[in-house]
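Each chain, written out:
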Amino acid sequence: MRKVLVSGATGTIGRSLVKQAEDAGADVRTITRELTDPVALEAALDGVDAMFLLWPFATAEGARELLELVGARRVVYLSSAAARPYEIEIERLIAENAREWTVLRPHAFAANTLRWAEQVRAGVVRQPYGDAIFSPIHERDVAAVAVRALLGDGHHGAVYTLTGPRPMTQREQARAIGAAIGRPVRWEEEPPGETRTRLLGLGWPEQAVDGMLRALAEPGPATGTVEEVTGAPASTFETWASEHAADFLGSMRAARIHEYGDASVISLDEVPVPKPGPGEVLIRVAATSFNPSEVGLRMGLLREVFGGTLPHTLGWDVAGTVVTGAGDFVPGDRVIGLIDGAAAGYAVAEASLLTRAPERIPLADAAAVPVAGLTAWQAVFEHARIGRGSRVLINGAGGGVGMFAVQLAKHAGAYVVATASPRSAVAVRGLGADEIVDYTAAPLPGGNDVLINLVPGVSVSVTRLARAFVSITQPIAHPHAVQFVARNDVGQLSELVALIDKGVVRVEADVRPLEALADLHRDAERGRVRGKVVVTIEA
């Protein structure tokens, strides 16, 4: 196993390099401030075969002493396409001292556009040289080339010029960032003289400002070096922009609780857009939905079931559009899922927890599906095991879960008896119920194969009504009774989506804005919420 020392390991290239090297089987050590401390550096170099050198200073002073300590080891040096005098001097010192060496000279980093972030949020990027052409490189690709040079053979003496796969104007880069974040971004040309004055006023050194403006005025090359060295094409700027969308988006609104209590503890906070990790998707949320159990969560009654810490962002159902892809999802895909923290402008979720949204219904309406739909699916097919010819009594058919349970039971071939209040009766019958029982005026009928209970406060006396019982609220005292909490099952959710797109299952929901979430909780506690309610989000 090759032992590698990485300097600058906390930077954008360094973090990616460490991960890729470890994934390749290397024993990786890191060094930061100890780079100019001879004692610390010598200890870090003990047993090391190769070193990645990121020199953080604008002069070569001290580089000779460092490289003499590094000695006859393999060195991969991150230089730059600018080839400044101090970089050339460090390259020369490396060639003098190292047993094997490789120099990386990346051109324009895609990450340089992060300096536009504030302007991107305002919708207008005002910079000079909008038509200047560069081939921006993803920091991950620089790291990938470095890993090959550190761990593989055949790179001694190479000076690699690294770029992205194709040239783009700065104007096109701004447009690509806008596409990645789902907001139009316009380029506005700023005269170079104004840029110079502005940057000097911000405290930039005159030499740095003039050097940057000269570099912007000159077009950059496009090379195939990344693919030649790694065997994989360099990442496009569009890919980079999608992966870094959260950096440009800034903040969002989120419905959070900072303490447990009544509906007044729900606040709309301005918080940073979350950044997806490995295997996670960033979603622009179209809507979440309200589930009665969230009242219990808000009051602190479900801490043992759901855990979590405060402050907590509400919302378990999500329907939205992928901004940053992962797994099988790419930007622009419409998705739904059962996650945490969906009552916000953006949410992150493991790609494995999501499925594609139904095409047949509006995206916001699809937020009604995950929790209620999975609960109904598991009640009907897993626990009640309803089949053709079964007679099922669904108690609470007018609620969000009931809407799906009635339709799924009918799809399974059952005869469905549904309890509903007078205000819900027409809607429940429209979903396919064979009989409607007004529970406010008539007793529940017996002779059922199974009773699916979807409401709290069910009487023990209902055990005479069926041979088996399934409850999503409190347990029912009977030898053939099951009480359960629905689990997340993406396969079942995908099957439910397919039934929606075939027109077998309808989705009906009231719509309220995120600003009305606290009032929605109050209405639910007063029994004023019927059916399913989706909560729309404006990012």
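So, a few notes on the structure that sits alongside this text. (Residues numbered from 1 in each chain as written. Predicted model: local features only at pLDDT ≥ 70, side-chain atom pairs only at ≥ 80, totals over all residues. Heavy atoms only, no water.)

1. A few points about the packing of helix 1 (residues 12-23) against helix 6 (residues 139-151)
Here is step 1: Look at helix 1 against helix 6: their axes get within 8 Å of each other, and the N-to-C directions meet at 50°. Regarding the angle of helix 1 to helix 6, the classification is oblique. With respect to the hand of their crossing, helix 1 and helix 6 are arranged in right-handed fashion. Along its contact with helix 1, which presents Thr12, Ile13, Ser16, Leu17, Gln20 and Ala21, the element helix 6 presents Glu139, Arg140, Val142, Ala143, Ala144, Ala146, Val147, Leu150 and Leu151.
Here is step 2: Counted by class, the contact of helix 1 with helix 6 contains ten nonpolar, three polar and two charged residues. (Axes fitted to C-alpha atoms, helices over the stretch in contact; angles between N-to-C directions. Helix = DSSP H or I, 4+ residues; strand = E, 2+ residues; numbered from the N terminus. Parallel < 35°, antiparallel > 145°, perpendicular 65-115°, else oblique. Left-handed = near helix turned anticlockwise from the far one by under 90°. Contact = heavy atoms within 4.5 Å. Nonpolar A, V, L, I, M, F, W, Y, C, P; charged D, E, K, R; others polar.)

2. Comments concerning the packing of aromatic side chains
Here is step 1: Evaluated as defined, the whole model comprises five aromatic pairs.
Here is step 2: Ring geometry for phenylalanine 237 against tryptophan 240: centres 5.6 Å apart, planes inclined by 25°, an arrangement best described as stacked. Here phenylalanine 237 and its partner tryptophan 240 are both found in helix 11 (residues 237-243), three residues apart, which amounts to about one turn of the helix. (Phe/Tyr/Trp six-rings, centres within 6.5 Å; stacked < 30°, edge-to-face > 60°.)

3. Considering unusual backbone geometry
Here is step 1: Following leucine 310, the chain continues into proline 311 via a peptide bond in cis, with omega recorded as 0°.
Here is step 2: With respect to the helices and strands, the residue proline 311 is situated in the loop between helix 14 (303-306) and strand 14 (312-313).
Here is step 3: A positive phi angle, close to 45°, is found at alanine 83, a residue other than glycine.
Here is step 4: Structurally, the position occupied by alanine 83 is in the loop between strand 4 (74-78) and helix 4 (85-97).
Here is step 5: Overall, the relative accessible area of 25% leaves alanine 83 in the partly exposed class.
Here is step 6: A positive phi angle, close to 50°, is found at arginine 385, a residue other than glycine. (Buried < 20%, exposed > 50% of the residue type's maximum accessible area, 1.4 Å probe, protein only.)

4. Thoughts on helix 3 (residues 63-70)
Here is step 1: Within the sequence span of helix 3, burial applies to Ala63, Leu66, Leu67 and Val70. One face of helix 3 carries all of its buried residues, which in axial projection span an arc of 95°.
Here is step 2: Positive phi appears at glycine 71, one or two residues downstream of helix 3, with a value of about 65°. (Arc of directions from axis to C-beta.)

5. Side note on the pattern of salt bridges
Here is step 1: Scanning all chains against the criterion turns up 33 salt bridges.
Here is step 2: Here arginine 198 ties to glutamate 190 by a salt bridge, and the two come within 2.9 Å at their closest N and O atoms.
Here is step 3: Exposure remark for arginine 198: the relative accessible area of 30% places this residue in the partly exposed category.
Here is step 4: Ionic contacts of the salt-bridge type, sharing partners, join the residues Arg126, Arg186, Glu188, Glu190, Glu194 and Arg198 into one network. (Salt bridge = Lys/Arg side-chain N within 4 Å of Asp/Glu carboxyl O.)

6. Looking at the pairing of strand 22 (residues 448-453)
Here is step 1: With five of six residues buried, strand 22 lies mostly within the body of the structure.
Here is step 2: Relative to strand 22, strand 19 (residues 391-395) runs parallel, the two being bridged by four bridges. Bridging from a neighbouring strand, isoleucine 394 pairs with isoleucine 452 of strand 22.
Here is step 3: With five bridges connecting them, strand 22 and strand 23 (residues 466-471) associate as parallel partners. Paired with valine 450 across the bridge in strand 23 is alanine 468. (Pairing = 2+ DSSP bridges.)

7. Section: the sheet that holds strand 12 (residues 266-272)
Here is step 1: Taken together, the three strands give an open sheet; going across it, the order is 12-11-14, and neighbouring strands pair in antiparallel fashion. Sheet topology places strand 12 and strand 14 at the edges, where each strand pairs with a single neighbour.
Here is step 2: Sheet topology places strand 11 (residues 251-257) next to strand 14; two bridges connect them, and they run antiparallel. Residue pairing for strand 14: isoleucine 257 is matched across the bridge by histidine 312.

8. Some details on the side chain of serine 421
Here is step 1: Mapped onto the secondary structure, serine 421 falls in the loop between strand 20 (415-419) and helix 17 (422-430).
Here is step 2: What serine 421 contacts, discounting residues up to four positions off in sequence, is Asp438 and Tyr439.

9. Description of the nonpolar core
Here is step 1: Among the nonpolar cores identified, the biggest contains 50 residues, and Ile386, Val392, Ile394, Val406 and Ile452 are the most heavily contacted of them.
Here is step 2: If you list the elements that add at least two residues to this core, you get strand 13 (280-290), helix 15 (370-383), strand 19, helix 16 (400-411), strand 20, strand 22 and helix 18 (490-501).
Here is step 3: Considering each element in turn, this core owes the most residues, seven residues, to helix 16.
Here is step 4: Apart from the residues lying within four places of it in its own chain, the contact partners of valine 392 are Ile386, Ala409, Ala414, Tyr415, Val416, Val417, Asn448, Val450 and Ile452.
Here is step 5: The next biggest cluster of nonpolar side chains, apart from the first, holds 33 residues, and it includes Ala343, Ala349, Leu520 and Val535. (Core = buried A, V, L, I, M, F, W, Y, C linked by side-chain atoms within 4.5 Å.)

10. So, the environment of alanine 357
Here is step 1: Take alanine 357: it is sitting in the loop between strand 18 (354-356) and helix 15.
Here is step 2: Considering only alpha carbons, one finds alanine 357 and isoleucine 452, 95 residues apart in sequence, at a separation of 27 Å.

11. Structural notes on the sheet that holds strand 3 (residues 50-53)
Here is step 1: The six strands are arranged 2-1-3-4-5-8 in an open sheet whose pairing can be described as parallel. In this open sheet, the two strands that pair with only one neighbour each are strand 2 (27-31) and strand 8 (158-162). Here the strands of the sheet are splayed against their neighbours by 15° on average, with no regard to which way each runs.
Here is step 2: Here three bridges tie strand 1 (residues 3-7) to strand 3, and the two strands are oriented parallel to one another. Paired with valine 4 across the two strands is alanine 50, which belongs to strand 3.
Here is step 3: Here helix 1 sits on the sheet in contact with strand 1, strand 2, strand 3 and strand 4, set at roughly 160° to strand 2.
Here is step 4: Sheet strands touched by helix 2 (residues 38-45): strand 1, strand 2 and strand 3. Its angle to strand 2, the strand with the most contacts, is close to 175°.

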